[in-house]
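Spelled out, the chains give:
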Amino acid sequence: EEAMAEATALRENEAKAYATSKAEYDANIGAITKAVAALEKGATGSFLQTKTAQVLRNLASDGKVDLLDADRQDLVAFLEQGSDYAPQSGAITGILKQLGDEMSKDLSDITTTEGGSIENYEALIAAKKKEVAACSKAVEAKTAQIGELGVAIVEMKGDLTDTEAALIE
């Protein structure tokens, strides 16, 4: 039961970490998708004033995403300077699409890992429950055996007392 409690606590921590990562990936992928759509429509100026653009600024500047330094610099410069930036929105759209594809793959990978972790946890808990049931059954059998042996000892002591009394007569 202690092992099940530890496994459950670990599983809960893993689930929280997954939920946090998934929410972050979903938000970032959503921001990238909106950005690409806005850039493809030519709405660069209005897009750069949105919260989505701010999410992309944070994403590009925090260094957590896997981007080439040149791509990161182009993206940050574009998000700061707007549609007048030299590579123009076509190159930026390409960078964003690539980034979105990589993040979608990463999200898929962590989702697969989470699914495997859930399966492993469920298998462990099922095995431990069987083990607990078997141990409980063994304890019950041993307790019954102890009771039966106690009764047998009392009966044997009674027989011994009767036999001693018969021998004395």
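Residues numbered from 1 in each chain as written. Predicted model: local features only at pLDDT ≥ 70, side-chain atom pairs only at ≥ 80, totals over all residues. Heavy atoms only, no water.

Q: For this particular structure, what's the right way to read the overall build of the protein chain?
A: Looking only at helices and strands, the protein chain features five helices and zero strands. Ordered by position from N to C terminus, the α and β elements of the protein chain give α-α-α-α-α. Its C-alpha atoms give the protein chain a radius of gyration of 34 Å, more than 25% over the compact-globule value 15 Å for 169 residues. Each of the three principal axes of the protein chain carries a C-alpha extent, and together these read 125 × 25 × 20 Å. (Helix = DSSP H or I, 4+ residues; strand = E, 2+ residues; numbered from the N terminus. Rg over C-alpha atoms; globule rule 2.2 N^0.38 Å.)

Q: When you look at the nonpolar core in this model, what are you seeing that I'm missing?
A: Side chains that are nonpolar tend, in soluble globular proteins, to be buried together. Counting residues in hydrophobic clusters, the biggest one holds 25 residues, and the most contacted among them are Ile-32, Phe-47, Leu-56, Leu-96 and Met-103. Where this core is concerned, the elements lending two or more residues are helix H1 (2-41), helix H3 (51-61), helix H4 (69-81) and helix H5 (88-168). Residue contributions to this core peak at eight residues, all from H1. The residues touching Leu-56, leaving out its near neighbours within four places in the chain, are Ala-31, Ile-32, Ala-35, Phe-47, Leu-79 and Leu-96. (Core = buried A, V, L, I, M, F, W, Y, C linked by side-chain atoms within 4.5 Å. Buried < 20%, exposed > 50% of the residue type's maximum accessible area, 1.4 Å probe, protein only. Contact = heavy atoms within 4.5 Å.)

Q: When you look at H3 in this model, what are you seeing that I'm missing?
A: One full turn of an α-helix is made of 3.6 residues, so residues set three or four places apart face in the same direction. Every buried residue of H3 is listed here: Thr-52, Ala-53, Leu-56, Arg-57, Leu-59 and Ala-60. The buried residues of H3 all sit within an arc of 165 degrees when viewed along its axis, so they share a single face. What points out from H3, more than 90 degrees from its buried face, is the exposed set Lys-51 and Ser-61. (Arc of directions from axis to C-beta.)

Q: I tried to follow the packing of H1 against H3 on my own but got confused; where do I start?
A: Between two packed helices, both the angle of their axes relative to each other and the distance between the axes serve to describe the pair. Look at H1 against H3: their axes get within 9 Å of each other, and the N-to-C directions meet at 120 degrees. The pairing of H1 with H3 is recorded here as oblique in orientation. Crossing geometry of H1 relative to H3 is assigned as left-handed. Contact residues: H1 offers Asn-28, Ala-31, Ile-32, Lys-34 and Ala-35, while H3 offers Thr-52, Val-55, Leu-56 and Leu-59. In terms of residue class, the contact of H1 with H3 is built from six nonpolar, two polar and one charged. (Axes fitted to C-alpha atoms, helices over the stretch in contact; angles between N-to-C directions. Parallel < 35°, antiparallel > 145°, perpendicular 65-115°, else oblique. Left-handed = near helix turned anticlockwise from the far one by under 90°. Nonpolar A, V, L, I, M, F, W, Y, C, P; charged D, E, K, R; others polar.)

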